[in-house]
Amino acid sequence: MANAFVAAFEILSFGAIIVLIVLGLGIIASMMGIFNFAQGEFVLLGAYITYLAYAKGLPIWVGMVAAPFLVGALGFVLEALIIRRFYAAPIVAMLGTYALGLIIREAVRGLIGGFYLTVPEPIGGSIDIGTMHISAWRFTIIVITILVMGGCYLLLSRTSFGLRMRATLENPSLARASGISTPLMYGATFAFGSALAGLAGALIVPVFSLYADLGIRFLIQGFVAVMVGGVGSFIGPVAGAGVIGTLSAALPWVMAPVVADVLVFVLAIAFIKFRPQGLIAGKGV
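- Per an unreviewed UniProt entry, the recorded name for the protein is Branched-chain amino acid ABC transporter permease, and the organism is Bradyrhizobium campsiandrae.
- Recorded under Sequence similarities (unreviewed entry), the UniProt text for the protein is reproduced unchanged: "Belongs to the binding-protein-dependent transport system permease family. LivHM subfamily."
- Under the Subcellular location (unreviewed entry) heading, UniProt states for the protein: "Cell membrane".

**Digging into the overall build of the protein**
No. 1: Along the protein, the regular secondary structure elements total eleven helices and two strands.
No. 2: Here the protein has a C-alpha radius of gyration of 19 Å; the compact-globule value for 285 residues is 19 Å, and the two agree.
No. 3: Dimensions of the protein, computed from the C-alpha atoms along their principal axes, are close to 65 × 50 × 35 Å.
No. 4: Here the protein holds 285 residues, and the buried ones make up 50% of them.
No. 5: If you take every contact in the protein between residues at least 6 apart in sequence, the share linking residues at least 24 apart comes to 74%.
No. 6: A total accessible area of about 12900 Å² is found for the protein, and carbon and sulfur atoms account for 72% of it.
No. 7: Charged side chains in the protein number 14 positive and 9 negative. The centres of these two groups are separated by 13 Å.

**Comments concerning the UniProt feature "transmembrane region" (unreviewed entry) in the protein**
No. 1: In the UniProt entry, the feature "transmembrane region" (unreviewed entry) is given for residues 6-27, 34-54, 60-83, 95-116, 136-156, 184-212, 218-244 and 251-272.
No. 2: The distance separating the terminal C-alpha atoms of residues 60-83 is 32 Å; by composition the span is 92% helix and 0% strand.
No. 3: In the segment residues 184-212, helix accounts for 86% and strand for 0%; the C-alpha atoms at its two ends are 32 Å apart.

**Side note on helix α9 (residues 214-229)**
No. 1: Counted at 1.5 Å a residue, the expected span for α9 with its 16 residues is 22 Å, and the 23 Å between its end C-alpha atoms agrees.
No. 2: Of the positions making up α9, those classed as buried are L214, G215, F218, L219, Q221, G222, V224, A225, V226, V228 and G229.
No. 3: After α9 finishes, the residue G230 shows a positive phi value of roughly 115°.

**With respect to the nonpolar core**
No. 1: Grouped together as the largest cluster of nonpolar side chains are 83 residues, with contacts concentrated most on F42, V148, L203, L210 and F218.
No. 2: Sorting elements by how many residues they give to this core places helix α1 (residues 2-32) first, with 15 residues.
No. 3: The contacts of F218, once residues within four sequence positions are left out, are F14, I17, I18, I21, I204 and F208.

**Points about the pattern of salt bridges**
No. 1: Under the defined criterion, the tally for this structure stands at six salt bridges.
No. 2: Among the ionic pairs, D213 bridges to R105, the shortest N-O distance being 3.8 Å. A residue pair is termed long-range when its members are at least 10 positions apart, and D213 in the loop between α8 (182-208) and α9 and R105 in helix α4 (residues 90-112) qualify at 108 residues.
No. 3: In this structure, E106 and R109 form a salt bridge, with 3.0 Å as the shortest nitrogen-oxygen distance.

**Quick look at helix α2 (residues 39-55)**
No. 1: The terminal C-alpha atoms of α2, which comprises 17 residues, lie 24 Å apart, in line with the 24 Å expected from a rise of 1.5 Å per residue.
No. 2: Counted residue by residue, α2 has 14 buried out of 17 residues, so it is predominantly covered.
No. 3: Directly after α2, the chain includes G57, whose backbone phi takes a positive value near 90°.

Thresholds applied
- Residues numbered from 1 in each chain as written.
- Predicted model: local features only at pLDDT ≥ 70, side-chain atom pairs only at ≥ 80, totals over all residues.
- Heavy atoms only, no water.
- UniProt positions renumbered as here; feature names shortened; annotations may be inferred.
- Helix = DSSP H or I, 4+ residues; strand = E, 2+ residues; numbered from the N terminus.
- Rg over C-alpha atoms; globule rule 2.2 N^0.38 Å.
- Buried < 20%, exposed > 50% of the residue type's maximum accessible area, 1.4 Å probe, protein only.
- Contact = heavy atoms within 4.5 Å.
- Areas by Shrake-Rupley, 256 points an atom, 1.4 Å probe, with all protein chains shown as cover.
- Lys, Arg positive; Asp, Glu negative; His and termini not counted.
- Charge placed at Lys NZ, Arg CZ, Asp CG, Glu CD.
- Expected span 1.5 Å × (residues − 1).
- Core = buried A, V, L, I, M, F, W, Y, C linked by side-chain atoms within 4.5 Å.
- Salt bridge = Lys/Arg side-chain N within 4 Å of Asp/Glu carboxyl O.

Right, here's the structure in full:
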């Protein structure tokens, strides 16, 4: 019973990590019609900023709070200088963002020297439930993920900013005629998705350590999760992240991890083949 509870917690915590990473990717893909293949490197930057704060002797929370704002600001600048030129050609956007990600990844690799750097958990220890022990920091990640999901949903569906964002991305011409600055809204959307990636990197670096290929670990899983969940809605990518995260965390308990990774992708490809619109069909970007 104790082992089953611990396994369920590990599955839930890894699923929360995937959801947190996919949120930003899903918002950009669903609302802007492009896949940001630099999203994994934005996760890496969030982790690197957190490490820098720790290395400078600052509280780890300082780096974790600063990471989403700094990565979001970088995303805003990159959207204005580079990304917005690709909206008419989504395939070119994929290649362009992949190139950006490669530049960021190799820059970080040069800065950290190819090493694995550790960051302590801000909340150490474990939570004891009878004879069972669960990581306090992983539990914190689950709670933060739930709060972020709720906050994102309310921001996009219950605020004037969310209304302007959805109006801009649904019908740019009508939005401009209504007095909405569409370039600003596109930049804000991309910055918001980038900031979520930075937050994800800041939260997971104590769990996975900092290394140059940290973002690659989650990029493909995030991309598959968005495709499985469905592009064009907020709920779709989150649902896909839950499915992919659960499978990725659960299968290694019953089979070799390498086989489990392959099986997850095979199942995802088969699902997309028979239901290309995903679990929850959106507007069909």
